[in-house]
Amino acid sequence: MTFSHWQRPHSFSVPGFTTDILIIGGGLVGLSTAFWISELNPGTKITVLERRQCGEGASGRNAGFLTKGSASFYRELHHKFGADKAKSILHFADTSLQLLNQLILKASPEMKTEKTASLTLLRQNVSEWSDFPHENFGFNWKASSELPTSLGFFEGGFEHASPEFKINPFQLISSLRLNLEARKIQIVENVSGFELTPDGCLTELQTIRCKKVVLALNGYLPQFHPELKKFVNAKRAQMLAVEFEGEVNSPYLHYDPAELVYWRKSQENVLLIGGKRLLDEKDEIGEFDRLSPLIQSGLESYLSHELKLKYKVLHRWAGTMGFTENHLPLSQKISAPLDTYVIGGFSGHGMGFGFHAAKEMAELISGERTETLFSSLKKEVINL
């Protein structure tokens, strides 16, 4: 969808201005980066630029899983990077959740959270998982008889019992925003940054002069500059919220890797479900947040045939995520007309990794570190 120059909700009250650090992208990672920069250097003048409203991208379009990730994800990392590096990523995610809980969730009276755990469910061929040392990653095996009765059709599952959370992601964005506004951090919405120059960033309305730029656009990085298409692919994810009849006596954040489905209860009789990307994989590539009837039908089939639920659809939506080749984010300094950093391509793990990744980015910008965890695993050469 495009808008003419006249249709866009302009911020004419914000003329061209100067800031120390410009963060382009007002999602969880962009706002968190502003938070951590102000923590490290309170006197820094920071501006967050968002082309729509803060949180309208992937940060406000997910299932509200504040999680470290599934056992299948860490099994994949174990295969790719070995045990030590895979465990360092798990520790990174665990630290991210602890920091976010301590500094934002507990400090925000408007936040409603539910402490829980994640459960990676297996249907069959459990023996194939013998190559994954799940105990070393903090996952406990639960046999079918140990699962909630509504999950009895699974052979078992890997539970990660350390605290994870169910949240309303828009409440999280709102809490972060209020925190930044209290710190006098400027947030400019409904304005797009589209070109970097040696002096700063051009928008459709003004020139923002700055010393440093952070591109925190996740799946929309390829839209900002064609060079970034080599490193981040935009892919859609489909979601459903339903009011259901039937028994779902499981409090977990659920992953079903065989079906590429994830789901959780939101309220006593409301369930959120997403996934099924492989049903329409080629058509799910792209930035436009459109519904896929084929995938939506697949999600409904899962509710009916797997979970045995009667339900009424409350809402359907899609969101755009950024995926990298190794499913780990970009987080590094890049070559551009001015001092520029990129953080994005979270491959579906932005909620779990984002707050800690933003902290490392702030430390990189301030000179307190020379690389981030993710650039140490694989640093890309990016020239804009």
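Structure first, text after, so check above.
Rules behind the numbers
Residues numbered from 1 in each chain as written. Predicted model: local features only at pLDDT ≥ 70, side-chain atom pairs only at ≥ 80, totals over all residues. Heavy atoms only, no water. Helix = DSSP H or I, 4+ residues; strand = E, 2+ residues; numbered from the N terminus. Rg over C-alpha atoms; globule rule 2.2 N^0.38 Å. Buried < 20%, exposed > 50% of the residue type's maximum accessible area, 1.4 Å probe, protein only. Contact = heavy atoms within 4.5 Å. Areas by Shrake-Rupley, 256 points an atom, 1.4 Å probe, with all protein chains shown as cover. Axes fitted to C-alpha atoms, helices over the stretch in contact; angles between N-to-C directions. Parallel < 35°, antiparallel > 145°, perpendicular 65-115°, else oblique. Left-handed = near helix turned anticlockwise from the far one by under 90°. Polar contact = N/O pair within 3.5 Å; in protein donor to acceptor, adjacent residues only side chain to side chain. Disulfide = S-S within 2.5 Å. Salt bridge = Lys/Arg side-chain N within 4 Å of Asp/Glu carboxyl O. Pairing = 2+ DSSP bridges. Phe/Tyr/Trp six-rings, centres within 6.5 Å; stacked < 30°, edge-to-face > 60°. Lys NZ or Arg CZ within 6 Å of the ring centre and 35° of its normal. Expected span 1.5 Å × (residues − 1). Arc of directions from axis to C-beta.

Enquirer: Before we move on, can you summarise the overall build of the protein with the specific residues and values?
Expert: Along the protein, the regular secondary structure elements total eight helices and 17 strands. A compact globule built from 384 residues would reach a C-alpha radius of gyration of about 21 Å, and the protein, at 21 Å, matches this within 12%. Oriented by its inertia axes, the alpha-carbon framework of the protein measures out at about 65 × 45 × 40 Å. Across the 384 residues of the protein, 55% fall into the buried class. Partitioning the contacts of the protein with sequence separation of at least 6, the portion at a separation of at least 24 is 76%. Of the roughly 16500 Å² that the protein leaves accessible, carbon and sulfur atoms contribute 50%.

Enquirer: So what's going on with the packing of helix α1 (residues 28-40) against helix α4 (residues 169-182)? Residues and values would help.
Expert: In contact at an axis separation of 10 Å, α1 and α4 are set at 30° when each is read in the N-to-C sense. By the angle between their directions, the pair α1 and α4 is classed as roughly parallel. The handedness of the crossing between α1 and α4 comes out as left-handed. Packed against α1, whose contacting residues are L28, L31, S32, A34 and F35, the element α4 presents L172, I173, L176, N179 and L180 at the interface.

Enquirer: I'd love a proper account of the side chain of S108, names of residues and values included.
Expert: The residue S108 is located in the loop between α3 (83-105) and β4 (114-122) in this model. Separated by 2.5 Å, the side chain of S108 and the backbone oxygen of I104 make a polar contact.

Enquirer: Go over the state of the cysteines, please, and point to the residues and values.
Expert: In protein structure, a disulfide is the covalent linkage between the sulfur atoms of two cysteines. One pass over the full model with this rule turns up zero disulfides. Of the cysteine sulfurs around C54, a residue in no disulfide, the closest is that of C201, at 15 Å. Note on C210: no disulfide assigned, nearest cysteine sulfur contributed by C201 at a separation of 6.8 Å.

Enquirer: Explain the pattern of salt bridges to me, using residue names and the numbers behind them.
Expert: Counted by the stated rule, this structure contains 25 salt bridges. Between D256 and R123 there is a salt bridge, with its nearest N and O atoms 2.7 Å apart. Here D256 is found in strand β12 (residues 253-256), whereas its partner R123 is found in the loop between β4 and β5 (139-143), with 133 residues between them in sequence. One salt-bridge network, held together by shared partners, links K359, E360, E363 and R369.

Enquirer: Give a description of the pairing of strand β13 (residues 261-267) that names residues and reports values.
Expert: Relative to β13, β12 runs antiparallel, the two being bridged by three bridges. Each residue of the ladder has a partner; that of H254, found in β13, is W263. Hairpin connection between β12 and β13: a loop of four residues separates the two successive antiparallel strands, and L260 in this loop has a positive phi of roughly 50°. Where β13 meets strand β14 (residues 270-275), six bridges bridge the pair, whose relative direction is antiparallel. Counted as the bridge partner of W263 is I273 from β14. Turn length for the β13-β14 hairpin, with the two strands adjacent in sequence and antiparallel, is two residues.

Enquirer: Provide a residue-level description of the packing of aromatic side chains, including the pertinent values.
Expert: Considering all chains together, one arrives at 19 aromatic pairs under this definition. Look at F65 and Y262: their rings are 5.9 Å apart centre to centre, the planes differ by 80°, and that puts the pair in the edge-to-face class. Note that F65 is positioned in strand β3 (residues 65-66) and Y262 in strand β13, a separation of 197 residues in sequence. Taking the relative accessible area as the measure of exposure, Y262 reaches 22% and is therefore partly exposed. Seen in terms of ring centroids, F92 and F374 are 5.0 Å apart; in terms of plane orientation they differ by 70°. Their pairing is edge-to-face. One end of the pair, F92, is in helix α3; the other, F374, is in helix α8 (residues 373-377), with 282 residues separating them in the sequence. What makes F92 buried here is its relative accessible area of 2%. The structure contains a cluster of three or more aromatic residues connected by ring pairs, namely F73, Y74, F92, W129, F132, F137, F139, W141, F158, F353 and F374. One residue, R75, lies across the ring of W129, its end atom 4.6 Å from the ring centre.

Enquirer: Lay out α4 in plain terms, naming residues and giving numbers.
Expert: Taking 1.5 Å as the rise per residue, α4 with 14 residues should run 20 Å; its terminal C-alpha atoms sit 20 Å apart, in good agreement. Buried within α4 we find P169, L172, I173, S175, L176 and L180. Seen along its axis, α4 keeps its buried residues to an arc of 160°; they face one direction. Elements in contact with the buried residues of α4: α1, α3, β7 (186-189) and α7 (350-366). Two or three places before F170, at the start of α4, stands the capping residue N168, its side-chain oxygen 2.9 Å from that residue's backbone nitrogen. One or two steps after α4, the chain reaches K184, where phi turns positive at roughly 65°.

Enquirer: Provide a residue-level description of unusual backbone geometry, including the pertinent values.
Expert: The residue N218 is not glycine, and still its phi comes out positive at about 45°. Here N218 is to be found in the loop between β10 (207-215) and α5 (221-224). Its relative accessible area of 19% is what places N218 among the buried residues. If you check the backbone angles, K308 has positive phi at about 60° while not being a glycine. Along the chain, K308 falls in the loop between α6 (293-306) and β15 (310-323). With a relative accessible area of 63%, K308 lands in the exposed category.

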